[in-house]
Amino acid sequence: MINPNWLKTFKTLIDTGHFTKTADVLFMTQPGVSQQIRKLEESCGHALIRRINKTFEITEQGKLVYEYACQQALNEQNLFTKLSDNDPFSGRYQLACSGSLALHLYPKLLALQSQHPGLTVEVEAAPNQRILALVLQGEADAGIVTHVPNQSLLSVEVIGQEPLLIVVPKGCKVTGDIAKTLLSLGLISHPDAEHYLSLFLSNCAEPNLASLDTGKIKISGYVNQINQILLPVSLGLGFTLLPQSAVASFIEQDRIDVYRPPSMVYETLYLIRKRSMELSQRVQFLNQEVRKAISH
């Protein structure tokens, strides 16, 4: 590794063009400057300057080392700037959440980025376990989950509840025995479909659904792209279950219907962050904006 003090001395020498001026700037003696330049040349294995009487010229190898020294100085400056920078409207913000919430939140976060160009917003759509892992590994500033198995390493805050909806093709009769309707349609499955189905059937206060044997529900299709799940439903190919935000984002609303049970079923949303991580003003600001977006 090249001694950073030697690099600084060499950069200053090239910038000033004179050994005496370099010594004055760095509060060194002129022999001390010459000694550090010789040590740098020995370390690099090349002559970096060509001495001509009381002046010098930089060699081709010296130009490369000078460029490197300038870049190192810039890197150091940027590092100290970042260390002291706590601007709420500047920097990187990483949020991990479900695909349905990403559809809802990402446009709102992009609007904030448009207002504050210094911000960089990154949203990763992922299942619950992946979100927990990203936050614990420090790869996400915050996450939104529906279940927190271990809270000892996390700061956990309830930020809202989101209704779960059964979505059927437009014109499908959902009165009477809804269970028979669902059995006849078949399920358009997705990564969270089984979890949503179990939660819905257990809490909807609809006797026909509570006694429904999920093993008898045929799978009419599967897709893991959140913005595609309602497409087969809109074509009459089956039913599915999704959070309200995902249903609301579907463009062809006139081709789907929503079944509303006697008792709506809600999924609790938790905002999580790594407990040991100090929050910057940027993350505090954007977490607050996420809370607002969830509550509206």
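Here the residue numbers are simple positions, counted from 1 along each chain's written sequence. Where totals are concerned, whole chains, interfaces and linings use all residues; where local detail is concerned, this predicted model gives features only for residues with pLDDT of at least 70, and gives and counts side-chain atom pairs only at 80 or more. As a rule here, side-chain values cover all heavy atoms of the structure and leave hydrogens and water aside.

By the naming in an unreviewed UniProt entry, the chain is CysJI operon transcriptional activator, taken from Shewanella algae. UniProt positions are given in the numbering used here, feature names are shortened, and annotations may be inferred rather than shown by experiment. Quoted verbatim from the Sequence similarities (unreviewed entry) field of the UniProt record, the comment on the chain reads "Belongs to the LysR transcriptional regulatory family."

Q: Looking at this model, I keep getting lost on the environment of T16. Mind explaining?
A: Tracing the sequence through the fold places T16 in helix α1 (residues 4-16). Exposed residues in this analysis have more than 50% of their type's maximum accessible area, buried residues have under 20%, and partly exposed residues fall in between, with area computed by a 1.4 Å probe over protein chains only. Under the relative-accessibility criterion, T16 is labelled partly exposed at 27%. Placed 223 residues apart in sequence, T16 and F239 show a C-alpha to C-alpha distance of 75 Å. Sequence-distant contacts of T16, defined by excluding residues within four places in its chain, comprise K21, T22 and V25. For the purposes of these results, a polar contact is taken to be a pair of N or O atoms within 3.5 Å, where, inside protein, one atom must be able to donate a hydrogen and its partner to accept one; residues adjacent in sequence count only when each atom of the pair is a side-chain atom. Among the polar contacts made by the side chain of T16, one reaches the main-chain carbonyl oxygen of H18 at a distance of 3.2 Å. Strands here are runs of E lasting at least two residues and helices are runs of H or I lasting at least four, both read from the DSSP assignment and numbered beginning at the N terminus. Note on definitions: a residue-residue contact is assigned when non-hydrogen atoms from the two residues lie within 4.5 Å.

Q: How do you make sense of the packing of aromatic side chains when you look at a structure like this?
A: Working definition: a ring pair exists when centres of Phe, Tyr or Trp rings (six-membered ring for Trp) sit within 6.5 Å. Plane angles under 30 degrees give stacked, over 60 give edge-to-face, the rest tilted. Under the defined criterion, the tally for this structure stands at 2 aromatic pairs. Between F89 and F285, the aromatic rings sit 5.0 Å apart at their centres with planes inclined by 85°, giving edge-to-face as the arrangement. In this pair, F89 is assigned in the loop between α4 (60-84) and β3 (91-97) and F285 in helix α12 (residues 281-295), connecting sequence segments 196 residues apart. Taking relative accessible area as the criterion, F89 reaches 35% and is therefore assigned partly exposed. The exposure class of F285 is buried, given its relative accessible area of 18%.

Q: How should the UniProt feature "domain: HTH lysR-type" (unreviewed entry) in the chain be read in this particular structure?
A: When the UniProt feature table is mapped to this numbering, "domain: HTH lysR-type" (unreviewed entry) covers residues 2-59. Across residues 2-59, helical content stands at 62% and strand content at 14%; the span's end C-alpha atoms are separated by 18 Å.

Q: Hey, could you run me through a nonpolar patch on the surface in this one?
A: In this scheme, patches are assembled from residues that exceed 30% relative accessible area and form no salt bridge. Like charges are connected within 9 Å, while nonpolar side chains (Val, Leu, Ile, Met, Phe, Trp, Tyr) are connected within 5 Å. Areas reported as accessible are Shrake-Rupley estimates using a 1.4 Å probe. Residue values count occlusion only from the protein chains shown. By convention in these notes, a salt bridge is any Lys or Arg side-chain nitrogen within 4 Å of a carboxyl oxygen on Asp or Glu. Together, L231, L235 and L237 make up an exposed nonpolar region whose accessible area comes to about 260 Å². Checked against the element boundaries, L237 lands in the loop between α10 (230-234) and β9 (240-243). Judged by its relative accessible area of 47%, L237 falls in the partly exposed class.

Q: Just checking my understanding: could you explain the domain arrangement of the chain for this structure?
A: The figure often quoted for interface size is the accessible area lost as the parts come together. Here the limits of each domain have been adopted from an automatic or database domain assignment. You can read the domains of the chain as domain 1 (4-84), domain 2 (91-160 + 268-295) and domain 3 (161-266). Between domain 2 and domain 3, the C-alpha centre-to-centre distance is 27 Å. Listed per partner, the contact involves 8 residues of domain 2 and 8 residues of domain 3. Take the accessible area each of two parts loses on contact, using a 1.4 Å probe, and add the two losses: that sum is the buried area. For domain 2, the biggest contributors to the area lost against domain 3 are S100, L103 and T268; these three give 56% of the whole.

Q: Would you take a moment to explain unusual backbone geometry for this structure?
A: Glycine aside, residues mostly have negative phi angles, and peptide bonds mostly take the trans form. Despite not being glycine, F27 has its phi angle at roughly 55°, a positive value. Assignment of secondary structure puts F27 in the loop between α2 (19-26) and α3 (30-44). Judged by relative accessible area, which is 78%, F27 ranks as exposed. Phi is positive for A205, which is not a glycine, with a value near 60°. Assignment of secondary structure puts A205 in the loop between α8 (193-203) and α9 (207-210).

Q: I tried to follow the nonpolar core on my own but got confused; where do I start?
A: For soluble globular proteins, the rule of thumb is that nonpolar side chains tend to be buried together. Within the largest apolar cluster, 22 residues are counted, with the highest numbers of intra-cluster contacts made by I166, V168, L182, F200, L209, F239 and L241. Mapped by element, the contributors of at least two residues to this core are β6 (154-169), α7 (178-185) and α8. By residue number, the principal contributor to this core is α8, which donates 5 residues. With residues near it in sequence (within four places) discarded, L241 still touches L165, I166, L187, H190, Y196, L197 and F200. Each nonpolar core is a collection of buried residues, namely Ala, Val, Leu, Ile, Met, Phe, Trp, Tyr and Cys, held together in the definition by side-chain atoms within 4.5 Å. Residues Y93, C97, L269 and V290 belong to the second largest nonpolar core, which totals 21 residues.

Q: Is there a simple way to think about the environment of S295 in this case?
A: Here S295 is to be found in helix α12. Between the alpha carbons of S295 and L235 there is a distance of 32 Å; along the sequence they are 60 residues apart. Within the structure, the side chain of S295 is placed 2.9 Å from the backbone oxygen of K292, a separation counted as a polar contact.

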